[in-house]
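Secondary and tertiary structure notes
The chain contents come next:
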Amino acid sequence: MEELIEKLKQQIIEVLNLEEVTPADIDNDAPLFGEGLGLDSIDALELIVMMEKEYGIKLKNPAEGKEIFKSINVMAQYISEHRTK
């Protein structure tokens, strides 16, 4: 799981062009939206596309994304349980 978490951090930084952020800056339990990384709805769409491309996960209900993207740990857990790639 630790390997997936580190890979996710790197992918989020690359996909969202977070130039000033390093994987070490991202707390595994911090919220990705709002106070944590401060991501917005456009970033959420980018993360949904990334999950589909990289892990074969299609989110049918946008409300699911709100739960899945709570933190890196929650996202990694969801990916490990649902990935098809």
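That block above? That's the structure.
Definitions and limits used
The written sequence of each chain sets the order in which its residues are numbered from 1. Restriction of local features to residues with pLDDT of at least 70 applies here, the model being predicted, together with a cutoff of 80 or more for giving and counting side-chain atom pairs; totals for whole chains, interfaces and linings are based on all residues. Each side-chain value is worked out from all heavy atoms of the structure, with water and hydrogens disregarded. A helix here means a DSSP run of H or I that spans at least four residues, while a strand means a run of E at least two residues long, and both kinds are numbered starting from the N terminus. In this description the radius of gyration comes from C-alpha coordinates, and the expected globular size is given by 2.2 Å times residues to the power 0.38. Throughout, exposure labels follow a simple rule: accessible area from a 1.4 Å probe, protein chains only, divided by the maximum for the residue type, with under 20% read as buried, over 50% as exposed, and the rest as partly exposed. Throughout, a residue-residue contact means that at least one pair of heavy atoms, one from each residue, lies within 4.5 Å. Accessible surface is estimated by sampling points in the Shrake-Rupley manner with a 1.4 Å probe; for residues, cover comes only from the protein chains shown. Asp and Glu count as negative and Lys and Arg as positive, but His and the ends of the chain are not part of the count. Where a charge sits is defined by one atom per residue type, namely NZ (Lys), CZ (Arg), CG (Asp) or CD (Glu). Working note: the arc is built from the helix axis to C-beta atom directions. For helices, the fitted line uses only the C-alpha atoms of the stretch in contact; every axis is such a line through C-alpha atoms, and the angle between N-to-C directions lies from 0 to 180 degrees. Here is the rule for angles: anything less than 35 degrees is roughly parallel, anything more than 145 is roughly antiparallel, 65 through 115 is roughly perpendicular, and the remaining ranges are oblique. When the near helix sits turned anticlockwise from the far one by under a right angle, the crossing is termed left-handed; a clockwise turn instead gives a right-handed crossing. Polarity classes work like this: nonpolar for Ala, Val, Leu, Ile, Met, Phe, Trp, Tyr, Cys and Pro, charged for Asp, Glu, Lys and Arg, and polar for all others, with Gly in that last group.

Examining the overall build of the protein chain
Scanning the protein chain from terminus to terminus reveals 4 helices and 0 strands. Start at the N end of the protein chain and walk to the C end: the helices and strands fall as α-α-α-α. For the protein chain, whose C-alpha radius of gyration is 12 Å, the value lies close to the compact-globule estimate of 12 Å for 85 residues. For the protein chain, the spread of C-alpha atoms along the three principal axes comes to 30 × 25 × 20 Å. Among the 85 residues that make up the protein chain, the fraction classed as buried is 35%. Across the protein chain, every contact between residues at least 6 apart in sequence was considered, and the portion connecting residues at least 24 apart equals 61%. Element-wise, carbon and sulfur atoms account for 50% of the exposed surface of the protein chain, whose accessible area totals about 5,300 Å². For the protein chain, the distance from the average position of its 9 positive side-chain charges to the average position of its 18 negative side-chain charges is 10 Å.

Section: helix H4 (residues 72-82)
Along H4, the positions that sit buried rather than exposed are Ile72, Met75, Ala76, Tyr78 and Ile79. End-on, the buried residues of H4 take up no more than an arc of 165°, which puts them together on one face. Structurally, H4 contributes buried residues whose contacts are with helix H1 (2-15), helix H2 (41-55) and helix H3 (62-68).

Some remarks on the packing of H1 against H2
Axis separation between H1 and H2 bottoms out at 11 Å; the angle between their running directions is 130°. Taken together, the axes of H1 and H2 lie oblique to each other. As H1 runs across H2, the sense of the crossing is right-handed. For the pair formed by H1 and H2, the contact residues are Leu4, Lys7, Leu8, Gln11, Ile12 and Val15 on the first element and Glu46, Leu47, Met50, Glu54 and Tyr55 on the second. Of the residues contributing to the contact of H1 with H2, the split by class is 7 nonpolar, 1 polar and 3 charged.

Brief notes about the packing of H2 against H4
How two helices sit against one another is set out by the angle between their axes and by the gap between those axes. H4 packs onto H2 with a crossing angle of 35° between their chain directions and a minimal axis gap of 12 Å. At the point where H2 passes H4, the crossing takes the right-handed sense. Facing H2, whose interface residues are Leu47, Met50, Met51 and Tyr55, H4 presents Met75, Tyr78 and Ile79. Residues belonging to the contact of H2 with H4 are distributed by class as follows: 7 nonpolar, no polar and no charged.

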